[in-house]
Structure formats: C-alpha cells, structure tokens
Amino acid sequence: FLETAAYFCMKPKMGEKEVSPHSFFSIWHEFSSDFKDFWKKENKLILQERVKEAEEVCRQKKGKSLYNIRPKHDSGIVSKNCDDT
C-alpha cells in the first residue's frame, strides 16, 4: 500500500507519519465517482450522436427508391381492343 501511495505522490497529513488508507481511499473514491459520472455522460452523448447518424442514413436510404417505376406503355391486347371500337 505504501508503495502505491508513493507512486501517486501522496504525502502524509500534518501530524501523521505515514499516509493512511482512509485518506488515500477517500481521495480515490472522489476521483472514481467523478470519473464514473463523466464516463456515463460521455457515453450518453456518443450514443445520441450514433442514433442521429443512423437516422440520417435511414432517411437517405428512404429517399432513394429501391426500384424504378416506368411509365405504362399502351401496348398489348387491351390497348388493341380499345382502338377497334
């Protein structure tokens, strides 16, 4: 534990000889809870951006029709029968 506290440059409080686990983990808890909150917010923003991109792709694909509609030509049996009358 003391090696870990030294790695993070933790110094003992006034009147203490060594860094106590309580002081180290109280700071660590604050950091980790703040980090978790920011992580959730960032993930939510990324998800919203991805949803918007997916909706835009969907709108673009709906704008393009998957098949072509050609105009109807008057040829065949029905058009020949109508011309005779």
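See the structure shown above.
Residues numbered from 1 in each chain as written. Predicted model: local features only at pLDDT ≥ 70, side-chain atom pairs only at ≥ 80, totals over all residues. Heavy atoms only, no water.

A few points about the environment of Leu2
Topologically, Leu2 is positioned in helix H1 (residues 2-7). Residue classification places Leu2 among the partly exposed positions, given a relative accessible area of 44%. Residues Leu2 and Glu18 lie 16 residues apart in sequence; the distance between their C-alpha atoms is 8.1 Å. Among residues more than four places away in sequence, those in contact with Leu2 are Glu18 and Val19. (Helix = DSSP H or I, 4+ residues; strand = E, 2+ residues; numbered from the N terminus. Buried < 20%, exposed > 50% of the residue type's maximum accessible area, 1.4 Å probe, protein only. Contact = heavy atoms within 4.5 Å.)

Focus: the side chain of Ser23
Following the sequence through the fold, Ser23 ends up in helix H2 (residues 21-63). Assessed through its relative accessible area of 6%, Ser23 is described here as buried. Look past the residues within four positions of Ser23 in its chain and what remains in contact with it is Met10 and Lys13.

Concerning the packing of aromatic side chains
In total, this model carries nine aromatic pairs according to the counting rule given. Relative to Trp28, the ring of Phe8 has its centre 6.0 Å away and its plane inclined at 50°; by these criteria the two rings are tilted. Placement of the pair is Phe8 in the loop between H1 and H2 and Trp28 in helix H2, with a sequence separation of 20 residues. Taken together, the ring pairs connect Phe1, Tyr7, Phe8, Phe24, Phe25, Trp28, Phe31, Phe35 and Trp39 into an aromatic cluster. (Phe/Tyr/Trp six-rings, centres within 6.5 Å; stacked < 30°, edge-to-face > 60°.)

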